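Structural characterization, general
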Amino acid sequence: MKKLTLGTAAALTLMANTAFAETEITWWHGMGGALGDTVNEIAKGFNASQDEYKITPSFKGTYEETLTAGIAAFRAGEQPNVLQVFDAGAATVIGAKGATMAVQDLLESNGVEFNIEDYISGVRYFYADADGKMIGMPFNSSSPVMYYNVQALEKAGVTPPKTWEEFQTVTAPALKDAGYVAMTQSHLPWVFVENFMSRNDMPFATNDNGYNGAEGTKILTNTPELKAHFTAMADWKEKGYFEWFGTGWGDNQTPFEEGKVGIWFGSSGSFGGLSKQDLPFDFSATYLPYWESVTTEPKQTFIGGAALFAMAGKSDEENKATTEFFKYLTSPEVQYMWHRETGYVPITTAAYDMAKADGHYDRFPAAEVGIQQLSLEASENTRGYRMGFYVQIRDVMNREFGRIFTGETSVDDAFNAIEKEANELLARFAKTQN
Amino acid sequence: MKRAGFTTRWLPILLLLPQLAVIIVFFYWPAAQAVQSSFYLEDPFGFGSTFVGLDNYTYLAQSAEYAKIARFTLVFTILVTFFSLGLALLLAVKADKVIRGAKSYRTLLMWVYAVAPPVAGFIGLLMFNQSWGPLTELAKSFGWDFALGVNSTDTAAAMVLVSVWKQVPVNFIFFLSGLQSIPKSVREAALIDCSSAMRRFWDVTFPLLAPTGFFLLIINITYALFDTFGIVDVLVKGEPGNNPLTLVYKVYVDGFRGNDMGGSSAQSVVLMVLVLALTVVQFRLVERRIHYT
């Protein structure tokens, strides 16, 4: 009798489990600190919004470490359902056909309507393939913007510069006289190469910035315009208009936060962090300047940050859960919450409209700059880039730029070295794709 | 003398098996894998790959940057080994003479041994903070405009300093016990023969310390080459930039950060050959000149 009861109980438990079985999916990301808390909040919100699916986010370290963890897991057949991959890793993950499912296919095959026009212009094509099909779902999308110390500019009697010419002749000398370092920046390759190309409407690589395949893609950085920009920056450093504190992001942001610097180039995603701090001054933001001598029609920038990829090799049931999660994630409410908390741009126009209607930009005008800049006029040079071993290419750029600013190399030698090493890396990457 | 032995041939082999299995699974097999993948350029996810023969090696051989990193690694290893051994020997000789409070004095010199390399690196990061690091301030008071992560010589100096600081206690412990195992009678005999403490040290004590010193030399070279990874990683703040790098860190940068499997495998093979050569040189050439008692 006792045995029977136990058996029945076990059977009942089993049945109960089946009835309430949640499909569990995993999400690996590289968002630490306050960003990680917001990620957890999104996951919690999704889990509470329905009872069929459950997502578990886990923090895997830096972007690079997250990608490497995802790759190792994929090779062992233990990949997560959703993997966050950053801009520089896009070529690696998209190039590996069979490692991921295109997010557009995933949504459509699970009956979710997908229209790329719903997404903000500058967000659409960075993580898309050559035909414009969206492969990765943009998640923490940011763009480099120009932050400035309002009081510093007032004291110097200048307004934020629209062009580099204005910065050079008006803004920087005035800021210097007012006792400030005119400018610092936190990511040279991102702000002053990748988005410099986009903003000044110049091609970044052959093969349509690399989107048309890895084979034969060559970098186009050895140009008079870009070299002139870095020559100018070296000159500004000489004159005390610009200071470089190494390759680390934070070392260059800190002096701005301390109020010693007039203008700082950072990420639109830095907004959340800056506004949560008790800074000794008011800050605001605006578009990246452009060179009037290069173009009179500056274009939009493209997104940095990272995207979420649906990993292949999962059951239909789990893929359905991933679809539902993406649907939840792209809903205007969640996008607006993410935008408000972190400063990353909302990826859909619906979410942008919601933020506008809520008066978010009346309260924080600087929060709108990233999205406005991403929505400026586009051209064939503004969708982004697709280059393999791009992490190493960025490392090469950072190395050479550092050497320019410490006087170890000349601008010409630096750009020759970047071109040579980047093209070698691109050719090597093309061979991994066969 | 009676020779002990096994009665069957199979028992010793059976007893050796677990150890052999561990060595094969954890050392030889991965090493063979690294050699194999150094001949390929492979998509990290494992979909595409191209056999490229020795391309990964010629790429390294032709890379001016790789040569630069190799040269830095050499200088770094020499500096770290020299200063770690030199300072530890000096401290050990002095500590050996201390009679009052000897124990606490020695403990104070040893405790750093317990600090893990990344933690040592982190302490270095605090000491050399660009805006308020005490050692940055100290350098500035001497007119040295020290900037970690900006000036590559400054970054190199910080790497050497932190690596030496971390390694001195290990060497100290060994040197001290080496000194204490020198028989008192020998020292006393030397004292009668020679009044110069310096000469007594170089003619009697130092040769008697040679076996310890040789062992430590090997340990310190491998430490500087490989175990300083954590210190380097923390001090460059995860961004290679224009910072000086060691060969091992470069393997990590290309393999784990950049997902270049073939290239970083070739670099690992280069390191394996280097270690092999180093071992042969040390044991064949240096060991012959050292007399163990």
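Residues numbered from 1 in each chain as written. Chains lettered and ligands numbered in written order. Predicted model: local features only at pLDDT ≥ 70, side-chain atom pairs only at ≥ 80, totals over all residues. Heavy atoms only, no water.

Description of the interface of chain B and chain A
Of the residues lining the interface, 36 residues belong to chain B; the matching set on chain A comes to 38 residues. Counting the surface lost from both chain B and chain A, the interface buries some 3300 Å², and carbon and sulfur atoms represent 51% of this. In terms of surface lost to chain A, no three residues of chain B exceed Phe45, Asn242 and Arg257 of chain B, which account for 22% of the buried area on that side. The tally of links from chain B across to chain A stands at eight salt bridges. Across the salt bridge formed by Arg399 of chain A and Glu65 of chain B, the nearest N and O atoms sit 3.7 Å from each other. Taken together, the connections running from chain B to chain A amount to 13 residue pairs in polar contact (both at pLDDT 80 or more). Considering each element in turn, the side of chain B that touches chain A owes the most residues, five residues, to helix H11 (residues 247-257) of chain B. (Contact = heavy atoms within 4.5 Å. Buried area = accessible area lost by both parts, 1.4 Å probe. Salt bridge = Lys/Arg side-chain N within 4 Å of Asp/Glu carboxyl O. Polar contact = N/O pair within 3.5 Å; in protein donor to acceptor, adjacent residues only side chain to side chain. Helix = DSSP H or I, 4+ residues; strand = E, 2+ residues; numbered from the N terminus.)

Considerations on the sheet that holds strand E9 (residues 283-286) of chain A
Residue and element names in this part refer to chain A. One open sheet accounts for four strands, arranged E7-E8-E6-E9; its pairing is mixed. If you trace the sheet from one side to the other, it starts and ends with strand E7 (181-185) and E9, each paired once. In this sheet, neighbouring strand axes are inclined to one another by 25° on average, regardless of whether the strands run parallel or antiparallel. As paired elements, strand E6 (residues 144-149) and strand E8 (residues 261-267) share five bridges and run antiparallel to each other. For Val145, the partnering residue across the bridge sits in E8 and is Gly266. The sheet contacts of helix H8 (residues 188-199) involve E6, E7 and E8, and relative to E8 the element is tilted by about 80°. (Pairing = 2+ DSSP bridges. Axes fitted to C-alpha atoms, helices over the stretch in contact; angles between N-to-C directions.)

Some thoughts on the pairing of E6 of chain A
Residues and elements named next belong to chain A. Counting buried positions along E6 yields six of six residues, so the element is predominantly enclosed. As defined by bridge partners, E6 adjoins E9 across four bridges and the pair is classed as antiparallel. Bridging across to E9, Tyr147 finds its partner in Ala285. (Buried < 20%, exposed > 50% of the residue type's maximum accessible area, 1.4 Å probe, protein only.)

Describing the domain arrangement of chain A
All names here are of chain A. According to the domain assignment, chain A consists of domain 1 (22-142 + 304-374) and domain 2 (144-301 + 388-432). Each of domain 1 and domain 2 has a C-alpha centre, and the two are 27 Å apart. At the junction of the two partners, domain 1 supplies 28 residues and domain 2 supplies 23 residues. Overall, the association of domain 1 and domain 2 removes approximately 2100 Å² of surface from exposure, summing both partners, and the carbon and sulfur fraction of that is 56%. Summed over the shared surface of domain 1 and domain 2, the result is one salt bridge. Residue Arg394 is joined to Asp87 by a salt bridge in which the shortest nitrogen-to-oxygen separation is 3.1 Å. For the interface between domain 1 and domain 2, the tally reads 11 residue pairs in polar contact (both at pLDDT 80 or more). Elements represented by at least two residues in the side of domain 1 that touches domain 2 include exactly helix H4 (90-95), strand E5 (137-142), helix H14 (332-342) and helix H17 (369-374). (Domains from an automatic or database assignment.)

Points about helix H10 (residues 224-239) of chain A
Residues and elements named next belong to chain A. In this model H10 runs 22 Å from its N-terminal to its C-terminal C-alpha over 16 residues, within 8% of the 22 Å that 1.5 Å per residue would give. Regarding H10, the residues found buried are Leu226, Lys227, His229, Phe230, Ala232, Met233 and Trp236. Where H10 is buried, its residues touch helix H7 (164-177), E7, H8, helix H18 (390-405) and helix H19 (411-432). Following H10 by one or two positions, Gly240 has its phi on the positive side, about 85°. (Expected span 1.5 Å × (residues − 1).)

So, the side chain of Thr163 of chain A
Among the secondary structure elements, Thr163 of chain A is positioned in the loop between helix H6 (150-156) and H7. Beyond its immediate sequence surroundings of up to four residues, Thr163 of chain A is in contact with Pro289, Tyr290 and Glu292 of chain A.

Looking at a negative patch on the surface
Residues and elements named next belong to chain A. Residues Glu22, Glu24, Asp51 and Glu52 make up a contiguous surface patch of negative charge. Along the chain, the position of Glu22 falls in the loop between helix H1 (2-19) and strand E1 (23-29). When its relative accessible area of 35% is taken as the criterion, Glu22 is described as partly exposed. (Patch = residues over 30% accessible without salt bridge, like charges linked within 9 Å, V, L, I, M, F, W, Y side chains within 5 Å. Areas by Shrake-Rupley, 256 points an atom, 1.4 Å probe, with all protein chains shown as cover. Lys, Arg positive; Asp, Glu negative; His and termini not counted. Charge placed at Lys NZ, Arg CZ, Asp CG, Glu CD.)

Some points on the environment of Ser315 of chain A
Residues and elements named next belong to chain A. Tracing the backbone through its elements, the reader meets Ser315 in the loop between strand E10 (304-311) and helix H13 (316-329). Classification of Ser315 by relative accessible area gives partly exposed; the value is 36%. In sequence terms Ser315 and Thr38 are 277 residues apart; their C-alpha atoms lie 28 Å from each other.

Quick look at the layout of surface pockets
Summary: where empty space remains is shown by rolling a probe the size of a single water molecule over the atoms. Estimated volume of the second largest pocket: approximately 970 Å³. What lines the second largest pocket is a set of 47 residues, among which Arg399 of chain A together with Glu65, Tyr66, Lys68 and Ile69 of chain B lie closest to the centre. For the lining of the second largest pocket, the secondary structure elements donating two or more residues are H18 and H19 of chain A together with helix H2 (55-62), helix H3 (64-97), helix H7 (152-180) and H11 of chain B. Per element, the largest residue contribution to the lining of the second largest pocket is nine residues, and it comes from H3 of chain B. In the lining of the second largest pocket, the residues fall into 21 nonpolar, 10 polar and 16 charged. (1 Å grid on protein atoms, 1.4 Å probe; cavity = no way out; pocket = protein on both sides within 12 Å on 5 of 7 lines; lining within 4 Å. Points joined across faces, edges and corners; volume = space filled by probe spheres on them. Nonpolar A, V, L, I, M, F, W, Y, C, P; charged D, E, K, R; others polar.)

Topic: the packing of aromatic side chains
With the rule as written, the count across this model stands at 57 aromatic pairs over all chains. Taken together, the aromatic side chains of Tyr147, Trp190, Trp249, Phe256, Trp264, Phe271, Phe281, Phe283 and Phe364 of chain A make up a single cluster linked through ring pairs. Directly above the ring of Tyr336 of chain A sits Arg340 of chain A, whose terminal nitrogen or CZ lies 4.9 Å from the centroid. Over the ring of Trp10 of chain B we find Arg9 of chain B, and its NZ or CZ is 5.9 Å from the ring centre. (Phe/Tyr/Trp six-rings, centres within 6.5 Å; stacked < 30°, edge-to-face > 60°. Lys NZ or Arg CZ within 6 Å of the ring centre and 35° of its normal.)

Some thoughts on unusual backbone geometry
Most of the time, phi is negative for any residue but glycine, and the peptide bond is trans. Residues and elements named next belong to chain A. Here the phi dihedral of Asn207 falls at roughly 55°; this positive angle occurs in a residue that is not glycine. Here Asn207 shows up in helix H9 (residues 206-209). Looking at Asn207, the relative accessible area reads 27%, which means it is partly exposed. One non-glycine residue, Asn209, lies in the positive phi region at around 55°. Checked against the element boundaries, Asn209 lands in helix H9. With relative accessibility at 3%, the residue Asn209 sits in the buried group.

Structural notes on the packing of H7 of chain A against H10 of chain A
What describes two packed helices is the angle between their axes and the distance between those same axes. Residue and element names in this part refer to chain A. At their nearest, the axes of H7 and H10 sit 12 Å apart, and the two run at 10° to each other. It follows from the interaxial angle that H7 and H10 lie roughly parallel. Contacts between H7 and H10 involve Trp164, Phe167, Gln168 and Lys176 from the first element and His229, Ala232, Trp236 and Lys239 from the second. For the contact of H7 with H10, the class distribution of residues is four nonpolar, two polar and two charged. (Parallel < 35°, antiparallel > 145°, perpendicular 65-115°, else oblique.)

Focus: the pattern of salt bridges
Under the criterion given, the structure shown has 29 salt bridges over all chains. A salt bridge links Arg75 of chain A to Glu42 of chain B, with the shortest nitrogen-to-oxygen separation between them at 3.0 Å. A residue pair is termed interchain when its members come from two chains, as with Arg75 of chain A in helix H3 (residues 63-75) and Glu42 of chain B in strand E1 (residues 40-42). Overlapping salt bridges, with partners in common, bring together Arg399, Glu400, Arg403 and Glu421 of chain A together with Glu65 of chain B in one network.

Concerning the side chain of Asn259 of chain B
Considering the arrangement of structural elements, one finds Asn259 of chain B in the loop between H11 and helix H12 (261-286). Ignoring any residue separated from it by four or fewer positions in sequence, one finds Asn259 of chain B in contact with Leu67, Thr68, Ile71 and Phe389 of chain A together with Pro44 and Asp254 of chain B.

A few points about the packing of H14 of chain A against helix H15 (residues 349-357) of chain A
All names here are of chain A. Running from amino to carboxyl end, H14 crosses H15 at an angle of 65°, the nearest separation of the two axes being 8 Å. Judged by the twist between their axes, the crossing of H14 over H15 is right-handed. Contacts from Pro332, Glu333, Gln335, Tyr336 and His339 in H14 reach Ala350, Ala351, Met354 and Ala355 in H15. Grouping the amino acids of the contact of H14 with H15 by side-chain chemistry returns six nonpolar, two polar and one charged. (Left-handed = near helix turned anticlockwise from the far one by under 90°.)

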